[in-house]
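If you want the building blocks of each chain, they are given just below.
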Number of protein chains: 2
Amino acid sequence: MTQPVYDRVALIGLGLIASSMFWAIKRSGLAGEVTGYARSAETRETARRIGLCDRVCESAAEAVEGADLVVLCVPVGAMAPVMQQIAPVLKPGATLSDVGSVKGHVVEAILPHLPEGVHFVPAHPLAGTEHSGPESGFAELFDNRWCLLVPVEGSDRDAVDRLRRLWQGMGANVDEMDADHHDLVLAVTSHTPHLIAYTMVGVADDLRRVTDSEVIKYSAAGFRDFTRIAASDPTMWRDVFLTNKEATLEILGRFTEELFALQRAIRTGDGDHLHDYFTHTRAIRRGIIEAGQDTDAPDFGRGQAGGQTGGTDK
Amino acid sequence: MTQPVYDRVALIGLGLIASSMFWAIKRSGLAGEVTGYARSAETRETARRIGLCDRVCESAAEAVEGADLVVLCVPVGAMAPVMQQIAPVLKPGATLSDVGSVKGHVVEAILPHLPEGVHFVPAHPLAGTEHSGPESGFAELFDNRWCLLVPVEGSDRDAVDRLRRLWQGMGANVDEMDADHHDLVLAVTSHTPHLIAYTMVGVADDLRRVTDSEVIKYSAAGFRDFTRIAASDPTMWRDVFLTNKEATLEILGRFTEELFALQRAIRTGDGDHLHDYFTHTRAIRRGIIEAGQDTDAPDFGRGQAGGQTGGTDK
Ligand SMILES: NC(=O)c1ccc[n+]([C@@H]2O[C@H](COP(=O)([O-])OP(=O)(O)OC[C@H]3O[C@@H](n4cnc5c(N)ncnc54)[C@H](OP(=O)(O)O)[C@@H]3O)[C@@H](O)[C@H]2O)c1
Ligand SMILES: NC(=O)c1ccc[n+]([C@@H]2O[C@H](COP(=O)([O-])OP(=O)(O)OC[C@H]3O[C@@H](n4cnc5c(N)ncnc54)[C@H](OP(=O)(O)O)[C@@H]3O)[C@@H](O)[C@H]2O)c1
């Protein structure tokens, strides 16, 4: 058991991330009491049934009252309306954070409503699965994954360090960067790959009329990885693309340029171009294995049980 | 132990697929003797050292002599030259097969050289990893995966059924389809997804100059899945795209159309379009889970050990 980092934590939104945070906080005794609120009665009911949160409240304001840390765990597009509901009851000296996958937009949405004396420290855990909702969380989700803190101008150093201790207590490694940089890096490593996966699965779906169920039946890795990615929550990803528009469109532009060059190489039979390109991309994979973000071991259990990489967000 | 299906099997090319076949054949005693040949002295040496094949030969012709089943396990573009070397020594009544990822091209490359009385039964196991070479194989690779047999006009029924028994003995489920259909289905489920993954990794590599090692450091699922795919053998994939050109270009055309539509939706802020599209693609994932091609269980061990989906080919 670690020393509690906060007396009272409030989680607003009770989906994959919030429920994983709750179980991770409980695992290590990181908070005295954790309150929670979700928009729908159904989710609140489920949360009570499975013991998610020490106290599930009937309004966001009620959950937030008296909290030392408030974490917004709703889709990026819902941050501003939620903030409006809770701003009046935020305790002076409290820390406000979020877990949104886009940071620039969240900062813009929150700052105008931030009461004097409340410390705002945006965060983004780079961990997730394609599942969502209150029953999808588990205490180990953040273990050995990164959580990026994105302090804003004037963020209180003590508040940042305390939030860092919370995330470390939940198993994560913590780094700091600014919002614009975060949004560009994530556009490359997560947002654009997701859009591409969604697109490829859409094309396949379209072709099912031609090939019937074969596309599914014979899909192994490659396409199967894409379908897992493309199974993620539609609302979350709609909000990501609408709010990280600029960086995503920039990366997409580069992507289509490169794809056209490879397409041309295929059409003209330019095998050397293809071979060089494919040789080049091998190196980056090695970098990832060396950085400890994945293992090099073949997965023998694949196709039988649990041989699944899981995460969908960055 | 099963009854041997063939007295003598020859494997030409000793990479991932051939070595996995050897271990799977030995696991269940499916052949009396297995001979092998690889182009480079280095690979033949490695094969001898690790006990891959009962006998490693110094030429393809030597390995093939007297074999009841010959399986070409070389890149698709190397099938024709290899065939020319072995055609004169193929035993009348023997079965010739291959494991190439493209079938139309292989059929065209092999048929003109096929001696009278030799049964040609092309095959494609839908299983693989991103690793290659003689040391990358393992007996379980084909367990519960599909192997597609692609009989050509005049393929002997008994020869087809016998090869089916071999693949079933190696753990695979076997289906039959024609070459054109195979190449279209694979273009959707494997070839185009691989090209897209290669492209995205290439874009990221390009951007490393901007974002330094962060793209690697913070890459989790999404991009990380892509890098695994893009780590596959460059020669194998070059050959796949050069020989399954037509189907790949058709699917790529549809892909870029759909991607442009999504890109426009992002630019114009059309959240409904994005949400509808993402909701739609969720369904295909469910189909895959129901078809038993993957599991729905979250992978708790991810990022720590072996949480890797593995396969790269269809
Ligand atoms: N999933 C990932 O891989 C991942 C990873 C890192 C960060 N994130 C970020 O974490 C946040 C939460 O994601 P999640 O995966 O936990 O989502 P989730 O499982 O879908 O849960 C979302 C929660 O937000 C609530 N909510 C949705 N729309 C709302 C609205 N308009 N007003 C108030 N509450 C609303 C939902 O309430 P109901 O249940 O009542 O509908 C639900 O409790 C998002 O900002 C996402 O970008 C996600
Ligand atoms: N990897 C997959 O995911 C997968 C899945 C299903 C089907 N396939 C198909 O299976 C076949 C083999 O793939 P693999 O993954 O086993 O490849 P691999 O591990 O790279 O091994 C290829 C083997 O072919 C030999 N070879 C390469 N070029 C040759 C040439 N020009 N002439 C003679 N021999 C040559 C190599 O010899 P050296 O070692 O001496 O260079 C090596 O032994 C390919 O047709 C591929 O499309 C692959």
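A quick note: this is a predicted structure, and the numbers were derived from the prediction, not measured.

*Asks:* Would you mind showing me how to read the overall build of chain A here?
*Replies:* Counting secondary structure elements, chain A contains 12 helices and 9 strands. Relative to its 314 residues, chain A shows a buried fraction of 62%. Taking the contacts inside chain A whose residues are at least 6 apart along the sequence as the reference set, 75% of them involve residues at least 24 apart. Surface summary for chain A: the accessible area is close to 11100 Å², and the carbon and sulfur share equals 47%.

*Asks:* What exactly am I supposed to notice about the pairing of strand β9 (residues 173-176) of chain A here?
*Replies:* On a regular strand, one side chain projects to one face of the sheet and the next to the other, so that they alternate. Residue and element names in this part refer to chain A. Here 4 bridges tie strand β8 (residues 146-149) to β9, and the two strands are oriented parallel to one another. Looking at β9, one finds that Cys147 is bridged to Val174. Following the chain from β8 across helix α6 (residues 157-169) to the adjacent parallel β9, one finds a crossover that is right-handed.

*Asks:* So what exactly am I meant to see when it comes to the nonpolar core here?
*Replies:* Soluble globular proteins tend to bury their nonpolar side chains together. Ranked by internal contacts, the top residues of the largest apolar core, which has 120 residues, are Val70 and Leu96 of chain A together with Val70 and Leu96 of chain B. For Leu96 of chain B, the residues in contact, after removing those within four places along its chain, are Val70, Leu72, Met83, Ile86, Leu90, Ile110, Leu114, Val118, His119, Phe120 and Val121 of chain B.

*Asks:* Explain the sheet that holds strand β5 (residues 95-98) of chain B to me, please; I cannot follow it from the model alone.
*Replies:* Residue and element names in this part refer to chain B. The strand order across the open sheet formed by 6 strands is β3-β2-β1-β4-β5-β6, and the pairing between neighbours is parallel. Because the sheet does not close on itself, it has two edges, and the strands there are β3 (55-56) and β6 (119-120). In terms of strand pairing, strand β1 (residues 6-12) meets strand β2 (residues 31-37) through 6 bridges, oriented parallel. In the sheet register, Tyr6 faces β2, and the bridge partner there is Ala31.

*Asks:* Can you walk me through the packing of helix α11 (residues 245-268) of chain A against helix α11 (residues 245-268) of chain B in this structure?
*Replies:* Packed helices, taken two at a time, are described by their axes: the angle between them and the distance between them. Viewed as axis vectors pointing N to C, α11 of chain A and α11 of chain B meet at an angle of 165 degrees, and their least axial separation amounts to 11 Å. Compared by their axis directions, α11 of chain A and α11 of chain B come out roughly antiparallel. In this structure, the crossing between α11 of chain A and α11 of chain B has a hand that is left-handed. When α11 of chain A is examined against α11 of chain B, the residues Lys245, Thr248, Leu249, Leu252, Gly253, Phe255, Thr256, Leu259, Phe260, Gln263, Ile266 and Arg267 of chain A are found in contact with a partner set consisting of Lys245, Thr248, Leu249, Leu252, Gly253, Phe255, Thr256, Leu259, Phe260, Gln263, Ile266 and Arg267 of chain B. By residue class, the composition of the contact of α11 of chain A with α11 of chain B is 12 nonpolar, 8 polar and 4 charged.

*Asks:* Would you mind going over the packing of aromatic side chains with me for this structure?
*Replies:* The description of an aromatic ring pair uses the distance of the two centres, along with the angle that the planes make with each other. Per the stated rule, a full pass over the model turns up 15 aromatic pairs over all chains. Centroid distance Phe22 of chain B to Trp23 of chain B: 5.0 Å. Interplanar angle 70 degrees. Geometry classified as edge-to-face.

*Asks:* What is the right way to read the pattern of salt bridges from this model?
*Replies:* A side chain of one charge can pair with a side chain of the opposite charge when the charged atoms of the two come close. All names here are of chain B. The full count for this structure, using the stated rule, is 29 salt bridges over all chains. For the salt bridge of Asp68 with Lys91, the shortest nitrogen-to-oxygen distance reads 2.7 Å. Highlighted residues: Asp68 in the loop between α3 (60-64) and β4 (69-72) and Lys91 in the loop between α4 (79-86) and β5, separated in sequence by 23 residues. Judged by its relative accessible area of 14%, Asp68 falls in the buried class. Put simply, Arg164 and Glu176 hold a salt bridge, and the shortest N to O gap is 3.2 Å. With Arg164 in helix α6 (residues 157-169) and Glu176 in strand β9 (residues 173-176), this pair connects stretches of sequence that are 12 residues apart.

*Asks:* What is the right way to look at helix α4 (residues 79-86) of chain A in this model?
*Replies:* An α-helical turn contains 3.6 residues, so a residue and the one three or four places further along point in the same direction. Residues and elements named next belong to chain A. Taken as a whole, α4 has its buried residues at Met79, Val82, Met83 and Ile86. Relative to the axis of α4, the buried residues are bounded by an arc of 105 degrees and lie together on one face. Tucked into the core, α4 has its buried residues touching β1 (6-12), α3 (60-64), β4 (69-72), β5 (95-98) and α5 (104-110).

*Asks:* Is there a simple way to think about the sheet that holds β9 of chain B in this case?
*Replies:* Pairing between the strands of a sheet is mediated by backbone hydrogen bonds and can be parallel or antiparallel. All names here are of chain B. Taken in spatial order, the 3 strands of this open sheet run β7-β8-β9, and their pairing is mixed. The open sheet has two free edges, formed respectively by β7 (123-125) and β9, since each of these has just one partner strand. Each neighbouring strand pair of the sheet contributes to a mean axis angle of 20 degrees, computed without reference to strand direction. Here α6 sits on the sheet and contacts β7, β8 (146-149) and β9; the angle it forms with β9, its principal contact strand, is near 150 degrees.

*Asks:* What should I look at first to understand unusual backbone geometry in this one?
*Replies:* Trans peptide bonds make up most of the peptide bonds, and negative phi angles are found at most residues other than glycine. Residue and element names in this part refer to chain B. Phi is positive for Cys53, which is not a glycine, with a value near 85 degrees. Looking at the element boundaries, Cys53 is found in the loop between α2 (41-50) and β3. With a phi close to 65 degrees, Asn144 is a non-glycine residue in the positive phi region. Here Asn144 shows up in the loop between β7 and β8. Accessibility expressed as a relative area gives 43% for Asn144, which makes it partly exposed.

*Asks:* Is there a simple way to explain α6 of chain B in this structure?
*Replies:* All names here are of chain B. The terminal C-alpha atoms of α6, which comprises 13 residues, lie 18 Å apart, in line with the 18 Å expected from a rise of 1.5 Å per residue. Residues of α6 that are buried include every one of Ala159, Val160, Leu163, Leu166 and Trp167, and no others. Seen along its axis, α6 keeps its buried residues to an arc of 120 degrees; they face one direction. Where α6 terminates, the next one or two residues include Gly171, which has phi positive at roughly 105 degrees.

About the cut-offs
Residues numbered from 1 in each chain as written. Chains lettered and ligands numbered in written order. Predicted model: local features only at pLDDT ≥ 70, side-chain atom pairs only at ≥ 80, totals over all residues. Heavy atoms only, no water. Helix = DSSP H or I, 4+ residues; strand = E, 2+ residues; numbered from the N terminus. Buried < 20%, exposed > 50% of the residue type's maximum accessible area, 1.4 Å probe, protein only. Contact = heavy atoms within 4.5 Å. Areas by Shrake-Rupley, 256 points an atom, 1.4 Å probe, with all protein chains shown as cover. Pairing = 2+ DSSP bridges. Right-handed = clockwise from strand over helix to strand, strands pointing away. Core = buried A, V, L, I, M, F, W, Y, C linked by side-chain atoms within 4.5 Å. Axes fitted to C-alpha atoms, helices over the stretch in contact; angles between N-to-C directions. Parallel < 35°, antiparallel > 145°, perpendicular 65-115°, else oblique. Left-handed = near helix turned anticlockwise from the far one by under 90°. Nonpolar A, V, L, I, M, F, W, Y, C, P; charged D, E, K, R; others polar. Phe/Tyr/Trp six-rings, centres within 6.5 Å; stacked < 30°, edge-to-face > 60°. Salt bridge = Lys/Arg side-chain N within 4 Å of Asp/Glu carboxyl O. Arc of directions from axis to C-beta. Expected span 1.5 Å × (residues − 1).

Nothing here speaks to function; it is geometry throughout.
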